[in-house]
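Overview (structure and organization)
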Amino acid sequence: MPLNPIRHPMAIAAGQLDRGLRRRLAADLRTALVRGELTLHYQPRVRLRDGETTGAEALLRWHHARRGSVPPAAFIPVAEGSDLIVALGGWVLRQVATAAAARPWLGRVSVNVSARQILSRALPGQVEAALAESGLPAERLELELTETLALQEGPEVAAMLARLRDRGIAIALDDFGSGYASIGRLRRLPFTTLKLDHSLIAYLPGQAADLAVLRAVRDLGHALGLRLVAEGVERPEQRDLLAGLGFDEAQGYLFGGPVPVDALVPDALPGLAP
Ligand code: C2E
Ligand code: CA
Ligand code: CA
Ligand code: CA
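Summarised in this report is the structure supplied together with it. (Residues numbered from 1 in each chain as written. Chains lettered and ligands numbered in written order. Predicted model: local features only at pLDDT ≥ 70, side-chain atom pairs only at ≥ 80, totals over all residues. Heavy atoms only, no water.)

1. Describing the overall build of the protein chain
Counting secondary structure elements, the protein chain contains 10 helices and 10 strands. For the protein chain, the C-alpha radius of gyration of 19 Å lies close to 19 Å, the compact-globule estimate for 274 residues. For the protein chain, the C-alpha atoms occupy an extent of roughly 50 × 45 × 45 Å along the three principal directions. In the protein chain, buried positions account for 47% of the 274 residues. (Helix = DSSP H or I, 4+ residues; strand = E, 2+ residues; numbered from the N terminus. Rg over C-alpha atoms; globule rule 2.2 N^0.38 Å. Buried < 20%, exposed > 50% of the residue type's maximum accessible area, 1.4 Å probe, protein only.)

Below is the structure:
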């Protein structure tokens, strides 16, 4: 018998949804935007050298009227099952650009982009609309792409991303080291930034072999001219180790979890208070 996800919120959290629930969530998601159930939280990113905030990653939150909080691991895949993710992605870009334009101290804001948004060819138009409406300089926007089918697409995808990068927008490869071999893609696509998956950080300080992997990733990344960002940094020893290895930036509960937009004041962000 399938889990009743209302009694078993862990099933929702893990995204193990039966087809009926998937369909209901997809239908609810379509109205969630209109009903104001979707919001964005922002997690700070800091420079390891001096602990200053360099920016923040936008992360979607859904407060469902009946089910309560539904995690992105459950509803993003549902949205990605249709063109809903394209509209949702456009909405996220406009929200984030507007929030960032009003907060010049925030630095660069990062937005997660789905493969389908790229494949639909909607992305460049969505980005330009968000920048034009908000007045946000292109240099203050970063797009985070995960290892997906889209990245295996042909030269059009690479050209589209190169045009965005040439506009000044940062392009990050997200979840690097989480599974698939992505070293080839690093050269083929015009990334500016590499985000190391938290699974590479979780067991640090760890053993000599863990450090050897990190050194190799550091050397590869810097040889390719990439900014190296570690995700899931939770403990001071991890921060110190990554700083010692020469990683550029970090993100994680140690510096602060995702917070609502109103909490993005200089006093509450690492290193920004006068
Ligand atoms: P992600 O892009 O890898 O985002 C990082 C996830 O790690 C976030 O989970 C964040 O809350 C969590 N995290 C932050 N600090 C720590 C830490 O110190 N330790 C650990 N263990 N985890 C940490 P969240 O918010 O649940 O988001 C899950 C995923 O949903 C994201 O993974 C991203 O792939 C997707 N997502 C979220 N918002 C959007 C969006 O607007 N568009 C798209 N396409 N995907 C999104
Ligand atoms: Ca991300
Ligand atoms: Ca990630
Ligand atoms: Ca501060």
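2. Observations regarding the coordination of the calcium ion (ligand 3)
The protein atoms donating to the calcium ion (ligand 3) are Asp174 (OD), Asp175 (OD), Glu231 (OE) and Glu231 (OE), with metal-donor distances spanning 2.2 to 2.8 Å. Mapped onto the sequence, the residues coordinating the calcium ion (ligand 3) show the spacing D-D-x55-E. The distance between the calcium ion (ligand 3) and the calcium ion (ligand 2) comes to 4.0 Å, and Asp174 binds to both of them. Taken together, the positions of Asp175 in strand E6 (residues 170-176) and Glu231 in the loop between strand E8 (227-230) and helix H10 (236-245) put the pair 56 residues apart, joining distant regions of the chain. The class for Asp175 is partly exposed, based on a relative accessible area of 23%. Note on Glu231: relative accessible area 11%, which makes it buried. (Donors = N, O, S within 2.8 Å, 3.2 Å for Na, K, Ca; no water.)

3. Thoughts on unusual backbone geometry
With an omega dihedral of 0°, the bond running from Leu204 to Pro205 counts as a cis peptide bond. The residue Pro205 is located in the loop between strand E7 (193-196) and helix H9 (208-223) in this model. Here the phi dihedral of Arg121 falls at roughly 70°; this positive angle occurs in a residue that is not glycine. Tracing the chain through its elements places Arg121 in the loop between helix H5 (115-119) and helix H6 (123-134). Positive phi is not limited to glycine here, since Asp175 has a value of about 55°.

4. A few points about the packing of aromatic side chains
If you walk through the whole model with that rule in mind, you get 1 aromatic pair. An angle of 90° between the planes, with centres 5.5 Å apart, marks the rings of Trp62 and Phe75 as edge-to-face. With Trp62 in strand E2 (residues 53-64) and Phe75 in helix H3 (residues 72-80), the pair connects residues that are 13 residues apart, well separated along the chain. Owing to a relative accessible area of 2%, Trp62 belongs among the buried residues under this scheme. Phe75 gets classed as buried once you look at its relative accessible area, which sits at 0%. (Phe/Tyr/Trp six-rings, centres within 6.5 Å; stacked < 30°, edge-to-face > 60°.)

5. A closer look at the site of ligand 1
Looking at ligand 1, there are 19 residues lining it, with Gln43, Arg61, Ser114, Glu234 and Tyr253 nearest. Side-chain polar atom of Arg61 to an oxygen atom of ligand 1: 2.9 Å apart, as the coordinates give it. Relative to its free-state accessible area of 810 Å², ligand 1 is covered by the protein chains to the extent of 80%. Examining the composition of the shell around ligand 1, we find that 4 residues originate from one element, E2, more than from any other. Of the residues contributing to the shell around ligand 1, the split by class is 8 nonpolar, 5 polar and 6 charged. (Near = heavy atom within 4 Å. Polar contact = N/O pair within 3.5 Å; in protein donor to acceptor, adjacent residues only side chain to side chain. Areas by Shrake-Rupley, 256 points an atom, 1.4 Å probe, with all protein chains shown as cover. Nonpolar A, V, L, I, M, F, W, Y, C, P; charged D, E, K, R; others polar.)

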